[in-house]
Amino acid sequence: MVPVTGGPLTALPGTVGAMGVLLLRTTRAIVRTPLAFGPELVSQIAFAMRVGWMPLVLAAVAMSYGPAGIQAAGFLNLVGAIDRMGGLFSITVIREFAPLVCAIVMAGVAGTAMCADLGARKIREELDALSVLGVDPVTNLVVPRFLALIVVTMIFNVYALIFGTLAGLLVAVVNGSSAGVFFHSYFDNAATLEVLASFVKTAIFGGIIAIVCCYKGLTAEGGAAGVGRAVNQAVVLTFLAIGLVDYAFTQALLALSPELSATR
Amino acid sequence: MTTVRDGLERLGEILDFAWKVISRVLSGRVLAFAGESIRQAGILISGSVGVIILLVFALGLQCGIQGAYGTQSIGAPSIAGAFTAVCNLREVTPYAFGYMMAAKVGTGIVAELGAMRISDEIDALEVMGFDAITYLGATRLLGYMIVLPFVFIVAIGVGFLGSYVAVVWQFGRVSSAAYLEIFWVFQTPLDMVFSLVKGMSMSAFVILVGCYFGYNASGGPVGVGTATARSMAVNIVGIHAIGLLSTQLFWGSDPRSPVGG
């Protein structure tokens, strides 16, 4: 991996291209024998879950209780339709907030840590030493992180859904609705395709986080500020990519499946 | 239990450090380095505002399509503006602003100050008789907080533009005038002030956390990377906590919507 030089704008196309190359090499290494990444994969999954669970629970509850819960409950109370709260939640949480919260937390907590870790190995020349020994950094370091982030982001989506829904239930109950009414409306409006799309989206987010953070870690340059700078750029690029992909994905999903926009 | 105690200790250290920085701003000691404050503000404008605006625009588009499809599902695409006004002004722009402040500005401060710490530049400053917390921390806090309210207002505008593009141009089920009428009815200047307070609280938190982790970095270049990653984790938790509390405080008891009596 050779870092792309130039200003932030002139280097962007080259950086995106280099990340594409890294993605190709990673996917090729996943299916090619020998599959030597097992133990590293397990330790990365354990690592990502350990650092991420607490921010994830807090973020999922905050995102659902605040933006989706309080704002919507206030409005629905005014129009006397607080019983529709569950249906609203099954759409907003499954479609939008759960994947977004997972992506933000995994990028901010696990992605940055992985980038710092790889950057540290790069500037201590451990990666060069590995290459000399004939160990490919992509096969042995990037592939397990790529798979681990995809898996953990998808697992965390389950928890984001659960805690987001619980936060919605809390708002509904606080505003004078009842749990039975909330879940009745919730499951009336829940669609299998919506849940499926939610998990596909989180998988894409996990892959983006892994590729961007690993690329920036592998191309960290020396100097005192090198690794810190790499983490900084990695998280900025990840957030931008998440925002843009989220828009494109949701738009494509809603346009291709108009049945999702029906109120039941 | 040790992790809980470590976490609380870390929180106490951050609060202690944050108060040192804030007190140096409030007591006016930072004014000895007013030029440095203005230079930091200039760096923020030229270096970070662009990406902040870009993320806010992307999430503004997102608000727009959610509002457009959501209101269409109840057969009233013309009230998409009610959704996007609340979505943009009250929630999504402050969160997007906070996320990008943490990603771009917060981690940038850690990388910069951390590099200065491990190459002993901060010690050199203190040997020369400079108060390092004032010169490095308080100047940044002051400089950024002068500029950020204006950046935030621009960001709100860009978020509005994103929703307008998504609802009126892209989705196209509502005319421009009908969209804007509902859109402006569902917000008041006071909502804007609340949103500004929310965004600025997140920003101040991010700046102070960044200064703390950068100022206390140790362990060589690797330590700077680790500190940068850690600061991001703390920021994620803090931004959501601030967002939740301020939503409850500002809009929890009164939805502030022009509906009913």
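All of these numbers come straight from a predicted model, not from anything done at the bench.

J.: How would you sum up the state of the cysteines? Please name residues and give values.
T.: Residues and elements named next belong to chain A. Here the structure, examined in full by the defined rule, presents one disulfide over all chains. The thiol of Cys 102 is unpaired, and the distance to the nearest cysteine sulfur, on Cys 213, comes to 15 Å. Of all cysteine sulfurs, the one in Cys 213 lies closest to Cys 214, which takes part in no disulfide; the gap is 7.1 Å. Cys 214 gets classed as buried once you look at its relative accessible area, which sits at 1%.

J.: Tell me about the nonpolar core, and name the residues and values.
T.: Core analysis: the largest hydrophobic core is formed by 165 residues, its most contacted members being Met 85 and Phe 239 of chain A together with Phe 97, Met 100 and Leu 148 of chain B. Grouped together as the second largest cluster of nonpolar side chains are five residues, Ala 191, Phe 249, Leu 253 and Leu 260 of chain A included.

J.: Describe the UniProt feature "transmembrane region" (unreviewed entry) in chain B, listing the residues and the values that go with them.
T.: All names here are of chain B. UniProt records the feature "transmembrane region" (unreviewed entry) for residues 41–61, 141–172, 192–215 and 227–251 in the present numbering. Segment residues 41–61 splits into 95% helix and 0% strand. End C-alpha atoms: 29 Å apart. End-to-end, the C-alpha atoms of residues 192–215 are 34 Å apart, and along that stretch the chain is 100% helix and 0% strand.

J.: How would you sum up the interface of chain B and chain A? Please name residues and give values.
T.: At the junction of the two partners, chain B supplies 49 residues and chain A supplies 50 residues. Between chain B and chain A, the buried area comes to about 4200 Å², and carbon and sulfur atoms account for 74% of it. Inspection of the region where chain B meets chain A yields zero salt bridges. Remark: the boundary between chain B and chain A carries 11 residue pairs in polar contact (both at pLDDT 80 or more). Listed by contribution, the elements that provide at least two residues to the side of chain B that touches chain A are helix H3 (49–73), helix H4 (80–118) and helix H9 (220–251) of chain B. Broken down by element, the residue count for the side of chain B that touches chain A peaks at 17 residues, all from H9 of chain B. For the side of chain B that touches chain A, the class distribution of residues is 31 nonpolar, 14 polar and four charged.

Rules and cut-offs
- Residues numbered from 1 in each chain as written.
- Chains lettered and ligands numbered in written order.
- Predicted model: local features only at pLDDT ≥ 70, side-chain atom pairs only at ≥ 80, totals over all residues.
- Heavy atoms only, no water.
- Disulfide = S-S within 2.5 Å.
- Buried < 20%, exposed > 50% of the residue type's maximum accessible area, 1.4 Å probe, protein only.
- Core = buried A, V, L, I, M, F, W, Y, C linked by side-chain atoms within 4.5 Å.
- UniProt positions renumbered as here; feature names shortened; annotations may be inferred.
- Helix = DSSP H or I, 4+ residues; strand = E, 2+ residues; numbered from the N terminus.
- Contact = heavy atoms within 4.5 Å.
- Buried area = accessible area lost by both parts, 1.4 Å probe.
- Salt bridge = Lys/Arg side-chain N within 4 Å of Asp/Glu carboxyl O.
- Polar contact = N/O pair within 3.5 Å; in protein donor to acceptor, adjacent residues only side chain to side chain.
- Nonpolar A, V, L, I, M, F, W, Y, C, P; charged D, E, K, R; others polar.

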